[in-house]
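Observations on chain architecture
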Amino acid sequence: DDVKDKKGVELDTSSWTLVSRPPDVPQQRNGFDCGVFTITFADYLADDLPLLFSQQDISANRQRFALSILKGGVPY
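A brief report on the enclosed structure follows. (Residues numbered from 1 in each chain as written. Predicted model: local features only at pLDDT ≥ 70, side-chain atom pairs only at ≥ 80, totals over all residues. Heavy atoms only, no water.)

**What to know about the overall build of the protein**
Formally: Going along the chain from the N terminus, every DSSP run of H or I of four or more residues is numbered as a helix, and every run of E of two or more is numbered as a strand. Computation of the radius of gyration draws on C-alpha atoms alone. For the globule rule, the value is 2.2 Å times the number of residues to the power 0.38. A 1.4 Å probe rolled over the protein chains alone gives each residue an accessible area, and that area as a share of the maximum for its type sets the label: buried under 20%, exposed over 50%, partly exposed in between. In this description, contact between two residues means that some pair of their heavy atoms is separated by no more than 4.5 Å. Residue-level accessible areas treat just the shown protein chains as cover; the underlying method is Shrake-Rupley with a 1.4 Å probe. Residues scored as positive are Lys and Arg, those scored as negative are Asp and Glu, and His as well as the terminal groups of each chain are ignored. Charge placement uses NZ in Lys and CZ in Arg. For Asp and Glu, CG and CD serve respectively.
Summing up its helical and strand segments, the protein has three helices and zero strands in all. N-terminal to C-terminal, the α/β element order of the protein is α-α-α. In terms of C-alpha radius of gyration, the protein reaches 17 Å, well past the compact-globule figure of 11 Å for 76 residues. Here the protein holds 76 residues, and 17% of them are scored as buried. A separation threshold of at least 6 residues defines the contact pool for the protein, and within that pool the share at least 24 residues apart is 36%. Accessible surface for the protein amounts to roughly 6,400 Å². Of this, 58% is attributable to carbon and sulfur atoms. Across the protein, the centroid of the 8 positively charged side chains sits 6 Å from that of the 11 negatively charged ones.

Spelled out as structure tokens, the structure:
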């Protein structure tokens, strides 16, 4: 629908395969934390950590990432 709205063409999705999200992957519960969720996923995956975080951790992660930026980098 978005491609049709913005580009004016129909997108053929008949060959696409639906892949479901595993039940134990953290899920965003609002419409404004997507960037922090993405960075959190990258942070955990870069450190080879299990994805054991939730929506409740996002505010603290936002502050941690902001502090890292203000200090001039990430602690790696």
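Resuming the write-up.
**Re the side chain of Asp-33**
Inspection of the secondary structure assignment puts Asp-33 in the loop between helix 1 (2-7) and helix 2 (34-46). Asp-33 gets classed as buried once you look at its relative accessible area, which sits at 5%. The contact partners of Asp-33, leaving out residues within four places of it in the chain, are Gln-28, Gln-55, Ile-58 and Arg-62.

**Describing the nonpolar core**
Put simply, the rule reads: In this description, a nonpolar core means a group of buried Ala, Val, Leu, Ile, Met, Phe, Trp, Tyr and Cys residues linked to one another through side-chain atoms lying within 4.5 Å.
In this structure, Val-36, Phe-37, Tyr-44, Phe-53, Ile-58 and Phe-65 together form the largest nonpolar core, which totals six residues. Breaking this core down by element, the ones donating at least two residues are helix 2 and helix 3 (58-70). Counting residues per element, this core draws most heavily on helix 2, at three residues. Ignoring any residue separated from it by four or fewer positions in sequence, one finds Phe-53 in contact with Pro-26, Phe-37, Thr-40, Phe-41, Tyr-44 and Ile-58.

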